[in-house]
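# Chain and residue survey
Single-letter residue listing:
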Amino acid sequence: ATQQPKPTSGAGPGKGPTVTRRVCRLCDVVVDDAHIESHLGGKKHTKLAASQKLIGADGLLVPASSVCCWAYTEFRVEPVLEVPAPEEQLPAPTASHAGG
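Residues numbered from 1 in each chain as written. Predicted model: local features only at pLDDT ≥ 70, side-chain atom pairs only at ≥ 80, totals over all residues. Heavy atoms only, no water.

### Focus on the overall build of the chain
Applied cut-off: Secondary structure follows DSSP: runs of H or I at least 4 residues long count as helices, runs of E at least 2 residues long count as strands, and numbering of each begins at the N terminus. Each residue gets one of three labels from its accessible area relative to the maximum for its type: buried under 20%, exposed over 50%, partly exposed in between, using a 1.4 Å probe on protein chains only. Residues are treated as being in contact if the distance between any of their heavy atoms lies within 4.5 Å. Each accessible area is a Shrake-Rupley result for a 1.4 Å probe, and residues are judged covered by the shown protein chains and nothing else.
Counting its regular elements, the chain contains 2 helices and 5 strands. In sequence order, the secondary structure elements of the chain are arranged as β-β-α-α-β-β-β. Here the chain holds 100 residues, and the buried ones make up 20% of them. A separation of at least 24 residues holds for 49% of the contacts in the chain among residues at least 6 apart in sequence. If you sum the accessible surface of the chain, you get close to 8200 Å²; carbon and sulfur atoms cover 58% of it.

### Brief notes about the packing of aromatic side chains
So the rule is basically this: The pairing test for Phe, Tyr and Trp rings, Trp by its six-membered ring, is centres within 6.5 Å, and the orientation test on the planes gives stacked under 30 degrees, edge-to-face over 60, and tilted for anything in between. A ring is scored as having a charge over it whenever the NZ atom of a lysine or the CZ atom of an arginine sits within 6 Å of its centre and within 35 degrees of its normal.
Following the criterion strictly, the structure yields 0 aromatic pairs and no others. The aromatic ring of Trp70 is capped on one face by Arg22, whose charged end is 5.7 Å from the ring centroid.

### Describing the environment of Ser51
Where we set the bar: For the purposes of these results, a polar contact is taken to be a pair of N or O atoms within 3.5 Å, where, inside protein, one atom must be able to donate a hydrogen and its partner to accept one; residues adjacent in sequence count only when each atom of the pair is a side-chain atom.
Within the secondary structure layout, Ser51 lies in helix H2 (residues 43–51). For the pair Ser51 and Ser65, spaced 14 residues apart in the sequence, the C-alpha separation amounts to 8.7 Å. Polar side-chain contacts of Ser51 include one of 3.1 Å to the backbone oxygen of Lys47.

### As for the side chain of His39
For His39, the location among the structural elements is in helix H1 (residues 36–40). Assessed through its relative accessible area of 15%, His39 is described here as buried. Of the polar contacts made by the side chain of His39, one reaches the side chain of His45; its length is 3.2 Å. Setting aside anything within four residues of it in sequence, one finds His39 in contact with Cys24, Cys27, Val29, Val31, His45 and Trp70.

Structure representation (structure tokens):
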């Protein structure tokens, strides 16, 4: 079963809401539900899984291919500020009078 990101509220002053994301411990990238299979079959991940070691459930280093590579990390959600689109700027009219 995959875990969905869960928004939570920030714990301290100046902190905004956070969201939990799945991160590959080998590749150090965020992987969403739609890309799990393609990530695990990718060249970089496959190469790192064959050559690296991770800490297993017992606290010992084990081959990365034999343990789960996922870590769930909280990221702060940056507030999205809506900036109104500037109104179309027209050049100021120039006063040119034909004298007569």
